[in-house]
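Structural characterization, general
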Amino acid sequence: MRGFLRWYSQNLKKHQFAMNMVTTGTVFFLGDILSQQVIEKKGKDHELERTVRSISVGSFYIAPFITYLYNFADKVFGTSQTIPNSLKKTGFICLFSPAVSGGYVIINNFLQGKSTSYTIDQLKNDLPTIVLVQWKIWIPSHFILLTVVPLRHRMFLSNFVGVLWTCYLTHASNTGTSNTGTSDIGISHDG
């Protein structure tokens, strides 16, 4: 394990975006598999095309966006891991939650060939709930990451939390938030 972490850390220094794209693609792979097999109980009816879409959007949209956002937040607020500074960065990053989730929904629908009107309706109906759940998961997680975890390890460690989040996001974006109640995955949509 130590050897893997050393290898990962060295490659992350040299190839931050590429490593985060691979790691995030893996998270989206695991999250969609969990979504389809555990929540939706699809069994042999697993949608491989959906999993590939999830990996693609995670790798080529989410990972670069979040990596850039982390780097930008450190440039704007500095790298100090004090509580006040971490609160500022957490708030800053959470301001971009609608862009992260909304972008996922838009790209996912585009890759499925869904109409613009369908996508707009889904954004109107589902995005507020998706973002509220996103904040419930990511605000505490980002605060911990920004307070304790060094910059180069944030994406790797946030991906552990990301498996849970991705499981919810792929389920909600493919079935709608009306189909993702607390009985399904244990996350309340209520305030």
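Let me sum up the structure you'll find in this document. (Residues numbered from 1 in each chain as written. Predicted model: local features only at pLDDT ≥ 70, side-chain atom pairs only at ≥ 80, totals over all residues. Heavy atoms only, no water.)

**Structural notes on the overall build of the protein**
- Helices and strands together make up the secondary structure of the protein, namely eight helices and zero strands.
- N-terminal to C-terminal, the α/β element order of the protein is α-α-α-α-α-α-α-α.
- Against the 2.2 N^0.38 benchmark of 16 Å for 191 residues, the protein shows a C-alpha radius of gyration of 17 Å, consistent with a compact globule.
- Taken along the three principal axes of its C-alpha coordinates, the protein extends 45 × 35 × 30 Å.
- The proportion of buried residues among the 191 residues of the protein is 47%. (Helix = DSSP H or I, 4+ residues; strand = E, 2+ residues; numbered from the N terminus. Rg over C-alpha atoms; globule rule 2.2 N^0.38 Å. Buried < 20%, exposed > 50% of the residue type's maximum accessible area, 1.4 Å probe, protein only.)

**Examining the nonpolar core**
- Within the largest apolar cluster, 24 residues are counted, with the highest numbers of intra-cluster contacts made by Ile62, Ile93, Ile130 and Trp165.
- Sorting elements by how many residues they give to this core places helix H3 (residues 48-77) first, with seven residues. (Core = buried A, V, L, I, M, F, W, Y, C linked by side-chain atoms within 4.5 Å.)

**Focus: the pattern of salt bridges**
- Enumeration over the complete set of coordinates arrives at six salt bridges.
- Here glutamate 40 and lysine 42 are joined by a salt bridge, their closest N and O atoms 3.5 Å apart.
- Taking the relative accessible area as the measure of exposure, lysine 42 reaches 18% and is therefore buried.
- If you follow the salt bridges from partner to partner, you end up with Asp32, Glu40, Lys42, Glu47 and Arg50 in one network. (Salt bridge = Lys/Arg side-chain N within 4 Å of Asp/Glu carboxyl O.)

**Comments concerning the side chain of aspartate 74**
- Its place among the elements puts aspartate 74 in helix H3.
- For aspartate 74, a relative accessible area of 6% puts it in the buried group.
- Setting aside its immediate chain neighbours within four residues, aspartate 74 contacts Thr79, Lys89, Leu151 and Arg154. (Contact = heavy atoms within 4.5 Å.)

**Thoughts on unusual backbone geometry**
- In this model, lysine 41 sits at a positive phi of 50°, which is unusual for a non-glycine residue.
- Take lysine 41: it is sitting in the loop between helix H2 (16-39) and H3.
- Residue lysine 41 is classed as exposed on the basis of its relative accessible area, which comes to 64%.

**Focus: the side chain of aspartate 32**
- Its location among the elements puts aspartate 32 in helix H2.
- Side-chain polar atoms of aspartate 32 contact the side chain of glutamine 36, separated by 2.6 Å.
- Excluding residues within four positions of it along the chain, aspartate 32 makes contact with His46, Arg50, Thr51, Ser54, Thr166 and Thr170. (Polar contact = N/O pair within 3.5 Å; in protein donor to acceptor, adjacent residues only side chain to side chain.)

**Focus: a nonpolar patch on the surface**
- A surface patch of nonpolar side chains, about 460 Å² in accessible area, is lined by Met1, Phe4, Leu5 and Trp7.
- Position of tryptophan 7 relative to the elements: it lies in helix H1 (residues 2-14).
- A residue is classified by how much of its surface remains accessible, and tryptophan 7, at 44% relative accessible area, is partly exposed. (Patch = residues over 30% accessible without salt bridge, like charges linked within 9 Å, V, L, I, M, F, W, Y side chains within 5 Å. Areas by Shrake-Rupley, 256 points an atom, 1.4 Å probe, with all protein chains shown as cover.)

**Some points on the packing of H3 against helix H4 (residues 83-95)**
- Interaxial distance between H3 and H4 falls to 10 Å at its minimum, and their mutual angle equals 135°. The angle between H3 and H4 places the two elements in the oblique class. You can see that H3 and H4 cross each other, and the crossing is right-handed. For the pair H3 and H4, the contacting residues are Leu69, Tyr70, Phe72, Ala73, Asp74 and Phe77 in the first and Asn85, Lys88, Lys89, Phe92 and Ile93 in the second.
- Considered class by class, the residues forming the contact of H3 with H4 number seven nonpolar, one polar and three charged. (Axes fitted to C-alpha atoms, helices over the stretch in contact; angles between N-to-C directions. Parallel < 35°, antiparallel > 145°, perpendicular 65-115°, else oblique. Left-handed = near helix turned anticlockwise from the far one by under 90°. Nonpolar A, V, L, I, M, F, W, Y, C, P; charged D, E, K, R; others polar.)

**Looking at H3**
- For H3, with 30 residues, the first-to-last C-alpha span of 41 Å sits near the 44 Å given by 1.5 Å per residue.
- If you look at H3, its biggest bend is around 35°, right at glycine 58.
- Of the residues one or two after H3, glycine 78 is the one with positive phi, at around 85°. (Expected span 1.5 Å × (residues − 1). Bend = angle between axes of the 7 residues up to and from the residue.)

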